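# A closer look at the structure
As a plain string of letters, each chain reads:
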There are 2 protein chains.
Amino acid sequence: MNKASRIFCPALITPKNAVVKQTEQLSRSQKLLTELGLVKSGSNGTYQIMPMAQRSVDKCIDLVQSNMQQAGGQKITLPILTPTGLWKKTGRLDGDISEFYMVRDRSGKQFLMSPTHEEAVTAMLATTSPISYRQLPLRLFQIGPKFRDELKTRFGLMRAKEFLMKDMYSFDVSEETAMETYTLVNAAYDRLFKQLEVPFVKVNAATGIMGGSVSHEYHYVSPVGEDNLLQCSSCGFAGNSEVVKAPASCPSCNSSDLKEVRGVEVAHTFLLGDKYSKPLGATFLNTTGKPQSLVMGCYGIGITRVIAAALEVLSSDHELRWPKLLAPYDVCLIGPKQGSKEQPEAEVIENELLLNVGEICGHQELLHDDRKELTIGKRLLEAKRLGHPLTIVVGAKSARLDSPKLEVHTSKGETYELDFSETLKLVAEHSQHKKSLERGCFQSETEESKSRSVGHQL
Amino acid sequence: MNKASRIFCPALITPKNAVVKQTEQLSRSQKLLTELGLVKSGSNGTYQIMPMAQRSVDKCIDLVQSNMQQAGGQKITLPILTPTGLWKKTGRLDGDISEFYMVRDRSGKQFLMSPTHEEAVTAMLATTSPISYRQLPLRLFQIGPKFRDELKTRFGLMRAKEFLMKDMYSFDVSEETAMETYTLVNAAYDRLFKQLEVPFVKVNAATGIMGGSVSHEYHYVSPVGEDNLLQCSSCGFAGNSEVVKAPASCPSCNSSDLKEVRGVEVAHTFLLGDKYSKPLGATFLNTTGKPQSLVMGCYGIGITRVIAAALEVLSSDHELRWPKLLAPYDVCLIGPKQGSKEQPEAEVIENELLLNVGEICGHQELLHDDRKELTIGKRLLEAKRLGHPLTIVVGAKSARLDSPKLEVHTSKGETYELDFSETLKLVAEHSQHKKSLERGCFQSETEESKSRSVGHQL
Ligand SMILES: [Zn+2]
Ligand SMILES: [Zn+2]
């Protein structure tokens, strides 16, 4: 169990005599994350993840990893330092390189602090013993920091210079099987984004600097998005405006019902062909034993960006709201204020709840706000700002051993007055919903509300 | 379950016409890791972790993390890029900086690719709202890549330029409570190293570039170690020769029974005092509300180095041997060769074993060597080189549905002929031993052998 009194959550303060130099544009969720002490700004464009947000990051890593493994992905680690020589071979240092961090070692050899690893993984395959067609398809992924020296960092974690990415690379024998892999990984992405329960738009995208032929982007729709998307209200078709240049009607169904929205790109998939395997000499032995270029795909998910953008979509100006599977804790339990005459009786209820709730949702998923020197009101306000899915208040009213009344707040803004067993039932429903999401069973919001059967809403 | 036919494990080949330029010294375990395709050399001094070794790394991360959390540690992430300005304030750029990777961003601002994070974490605390003495002690840790531009990289993962570290930083109100924290974290380290079951030596160490007053190092004793240690055979006292300069007798018990051994440093703990908090202005509010310098400690464990050094100590020239808790898989099951007349019957046994063994040890811990086009001998040789704790062979002899005989090999070099239930019992004993290690219950090797009660050793 986690005690609020012990958690390092350094709320933002501005020293009285400080000249506030707003070097960076912050969105509402990023402002909340910073004010509440979940994320701290390091030097311009880098971020420090504090313990509560780290829990969300670790949950996101686990979820992405499990989906990649289900799609046949094998986890590896490639060095952050990639020799620039490899990037010269693929021509990616010929264009604008101002976004790359480059560093030289003591011998003068130059490296990139990798923003992505197509060259590194392809060169790795080019120097192994020849892969047989029987070993393909091959799907390798990693989860680690990436670097991009952005001209303008914005919205905190959403566009930072150092960020956490999942990158997967696929290797196939032909364009045809590569397309099958592409479809399969896209299906894994679809499932992941459904698990996060944040509305997303999948669009046909430009291949840009990556090269290749087919590409899709996954976007969260938000005013702070940096991409313009075109969406067809009739058939659901969507495209990045870069690709679908202002058509009068939908390229898919011809309807004129097109609207433009702003999107935050949270994931990207590319069919790369032999753009990297050819110059770097990454081949496999085909059925006749002859070497042939591997056909590649690459698939990125911005872990920290998914969290930041999901919060931006779900949160209000004053309260964070998390995807259920990424909330730092499932349940926050606020104990009675010290010194009140009901304290001893309320504490009996509190201890019983700690035990029972912890057993239902997992003790690690329970945050106990044990700061009894603070009023319940102050702690409840903070709990609401932090956006815990369920917050249970053990207040003066609860202190009736025969029939305690507990105030339960959900992150959707509902408040219930529940007895002991109704409270546990609500916790159990939340845990069950999380489990079905993890299994990939999706339920609509309406069904979910219908299935909630306890207590009465205040 | 994991199928050997699908796992990317690129065995090392040297092209026939290649001039082998041995740029780096490899130890026996590192040679095996490379030859078997568990680790690949990136550019000079960096390493690529392949899927099987990645499993070991992930297990090590989980184990270290759980021990740090038990010691009250809270997980965070600090950026890899640390502004060099912070290091100027603490004087750590005044000495030899040839081991640091430094990089400038597009505005010309200089950063270190952090080899450690004392400055970053202290500066972070200096810019939060003042911490009250009530919030202390505070222990923050992270697990991530670190960078050191070594003059001479050696022994693969053991001394690489980019490596994975766990680093914890503690903050206390006084030297006295900082010493309590120091003792507590050292106890967590002791437990961790006992869980790994590799003999380790804990020595009094020099504080060196870190500064501070008290320091201990954890070493694995190995001829490839780069430190000279002095050990007293009478009382067990040990010291780094840098600190304990060639005494005639033991500084602790006066015995003259001192021997010198070589050690690989796998972990290090420091009591830092206010060496960092003072220049960077990291204070807390004491009981009278006055700001006072935080008293710090720092605690590192080289994750990739622990794995590499443990392998070096445990392995032979031809076979890897892993700490039980870090083996990529618990059990390898070698299926029958295809085309033999016993194949159909043996496959019935094989499928039953896959199900039952997987249920006992966890399906993710079972590696199924399904490459039936290869002989059992060839696959068994590879399994032995990979060092799986248990390897079960379903061969021609097994193909008796009434009483199958299975050959079971342990990584200690024992071979058993067992029936079905005896085999499951051996797997269960291994899993139970792992579980007690995870709980921190330690059993000596002798007790362990005594408690093994199945079959007869061949
Ligand atoms: Zn349409
Ligand atoms: Zn002695």
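Treat the numbers as computed from the prediction; the structure is a model and nothing was measured. Numbering of residues begins from 1 in every chain and follows the order in which that chain's sequence is written. Ligands are numbered from 1 and chains lettered from A, in the order in which they are written. Where totals are concerned, whole chains, interfaces and linings use all residues; where local detail is concerned, this predicted model gives features only for residues with pLDDT of at least 70, and gives and counts side-chain atom pairs only at 80 or more. Calculated side-chain values reflect all of the structure's heavy atoms, with hydrogen atoms and water omitted.

## So, the sheet that holds strand β7 (residues 110-113) of chain A
All names here are of chain A.
- Criterion used throughout: strands pair if DSSP finds at least two bridges between them. By definition, any uninterrupted DSSP run of H or I lasting at least four residues is a helix, any uninterrupted run of E lasting at least two residues is a strand, and each is numbered from the N terminus. Read across the open sheet, the three strands follow the order β5-β7-β6; overall the sheet is antiparallel. Looking at strand neighbours, the two that pair on one side only are β5 (81-83) and β6 (102-104), the edges of this open sheet. Direction aside, the axes of adjacent strands within the sheet are offset by 40 degrees on average. Working convention: axes come from line fits to C-alpha atoms, limited for helices to the stretch in contact. Angles between N-to-C directions cover 0 to 180 degrees.

## Concerning helix α4 (residues 118-126) of chain A
- In terms of burial, α4(A) is a largely internal element, eight of the nine residues being buried.
- Burial in α4(A) covers these residues: A:Glu118, A:Glu119, A:Ala120, A:Val121, A:Thr122, A:Ala123, A:Met124 and A:Leu125. For the exposure calls, accessible area comes from a 1.4 Å probe over protein chains only, and a residue counts as buried if that area is under 20% of its type's maximum, exposed if over 50%, partly exposed in between.

## With respect to the coordination of the zinc ion (ligand 2)
Residues and elements named next belong to chain B.
- Metal donors: N, O and S atoms at distances within 2.8 Å, or within 3.2 Å for Na, K and Ca, with water omitted from the atom set so that some sites may seem incomplete. Binding of the zinc ion (ligand 2) to the protein goes through Cys232 (SG), Cys235 (SG), Cys250 (SG) and Cys253 (SG), at separations of 2.2 to 2.3 Å.
- Geometry at the zinc ion (ligand 2) is tetrahedral, judged from its four donor atoms and the angles of 106 to 112 degrees they form at the metal.
- Along the chain, the residues donating to the zinc ion (ligand 2) are arranged with the sequence spacing C-x2-C-x14-C-x2-C. Taken together, the residues span a long stretch of sequence, with Cys235 in the loop between β13 (227-232) and β14 (238-240) and Cys253 in the loop between β14 and β15 (258-273) at a distance of 18 residues. Any coordination sphere not matching a tetrahedral pattern (four donors, all angles between 85 and 135 degrees) or a square planar or octahedral pattern (four or six donors, opposite donors over 155 degrees apart, other angles between 65 and 115) is reported as irregular.

## Considering the domain arrangement of chain A
All names here are of chain A.
- What fixes the domain bounds is an automatic or database domain assignment. For chain A, the assigned domains read domain 1 (28-314) and domain 2 (331-439).
- With centres defined by C-alpha atoms, the gap from domain 1 to domain 2 works out at 39 Å.
- The partner domain 2 presents nine residues to the ten residues of domain 1 that form the contact.
- Accessible surface is computed with a 1.4 Å probe, and the buried area is the amount of it that two parts give up when combined, taken over both parts together. Together, the buried faces of domain 1 and domain 2 total about 850 Å²; carbon and sulfur atoms form 51% of this surface.
- Taken as a group, Leu36, Arg55 and Gln195 account for 48% of the area that domain 1 buries against domain 2, more than any other trio of residues on that side.
- The rule for a salt bridge is simple: a side-chain nitrogen of Lys or Arg has to be within 4 Å of a carboxyl oxygen of Asp or Glu. One can count three salt bridges joining domain 1 with domain 2.
- Residue Glu365 pairs with Arg55 through a salt bridge whose shortest N-O separation is 3.4 Å.
- The term polar contact refers here to a pair of N or O atoms within 3.5 Å; inside protein, the definition further demands a hydrogen-donor-capable atom paired with an acceptor-capable atom, and it admits residues adjacent in sequence only when both atoms are side-chain atoms. The interface formed by domain 1 and domain 2 contains seven residue pairs in polar contact (both at pLDDT 80 or more).
- Contributing elements (two or more residues each) for the side of domain 1 that touches domain 2: α1 (28-35), α2 (51-70) and α5 (175-195).
- If one sorts the elements of the side of domain 1 that touches domain 2 by residue count, α2 sits on top with three residues.
- Gly falls in the polar group here, along with every residue not listed as nonpolar (Ala, Val, Leu, Ile, Met, Phe, Trp, Tyr, Cys, Pro) or charged (Asp, Glu, Lys, Arg). Partitioning the side of domain 1 that touches domain 2 into residue classes produces four nonpolar, one polar and five charged. Here, residues are in contact when the closest pair of their heavy atoms is within 4.5 Å.

## Brief notes about the interface of chain B and chain A
- Between chain B and chain A, the contact holds 58 residues from the first and 58 residues from the second.
- Together, the buried faces of chain B and chain A total about 4,700 Å²; carbon and sulfur atoms form 56% of this surface.
- In terms of surface lost to chain A, no three residues of chain B exceed B:Arg6, B:Phe8 and B:Arg106, which account for 15% of the buried area on that side.
- Applying the counting criterion to the chain B and chain A interface returns four salt bridges.
- Across the contact surface, chain B and chain A share 25 residue pairs in polar contact (both at pLDDT 80 or more).
- Looking at the side of chain B that touches chain A residue by residue, the class counts come to 32 nonpolar, twelve polar and 14 charged.

## Things to note about helix α8 (residues 343-361) of chain B
Residue and element names in this part refer to chain B.
- The span you would expect from a helix comes to 1.5 Å times its residue count less one. The end-to-end C-alpha separation of α8 is 25 Å, in line with the 27 Å expected for 19 residues at 1.5 Å each.
- Among the residues making up α8, those that are buried are Gln343, Ala346, Ile349, Glu350, Leu353, Leu354, Val357, Gly358 and Cys361.
- Looking at the buried residues of α8, the elements they touch are β19 (331-334), β20 (366-369), β21 (390-393), β22 (406-410) and α10 (420-439).
- Within two residues after α8, Gly362 carries a phi angle of roughly 95 degrees, on the positive side.

## Looking at the sheet that holds strand β7 (residues 110-113) of chain B
Residues and elements named next belong to chain B.
- Pairing in this open sheet of three strands is antiparallel, and the strands run β5-β7-β6 from one edge to the other. Across the chains shown, the open sheet's two edge strands, defined by having one partner strand only, are β5 (81-83) and β6 (102-104). Pairwise comparison of adjacent strand axes, ignoring direction, gives a mean angle of 40 degrees for this sheet.
- Strand direction decides the pairing type here: β6 and β7, joined by three bridges, are antiparallel. Its bridge partner lying in β7, Met102 is registered against Leu112.

## Points about the relation of the copies chain B and chain A
- Superposition record for chain B on chain A: RMSD 0.0 Å, screw rotation 180 degrees, translation along axis 0.0 Å. Such a combination of rotation and displacement between the chain copies is what one expects of a two-fold axis. Taking C-alpha positions as the reference, the residue of chain B nearest the rotation axis is B:Val103, at 2.7 Å.
- When the interface residues of chain B are mapped onto chain A, 100% of them again fall at the interface, so both copies present the same face. Alignment of copies: least-squares fit on C-alpha atoms of residues with pLDDT of at least 70 in both copies.

## Here's the deal with the pattern of salt bridges
Residue and element names in this part refer to chain B.
- Per the stated rule, a full pass over the model turns up 48 salt bridges over all chains.
- Residues Asp369 and Arg371 are paired through a salt bridge, measuring 2.9 Å at the closest nitrogen-oxygen approach. For the pair shown, Asp369 and Arg371 are each scored as buried.

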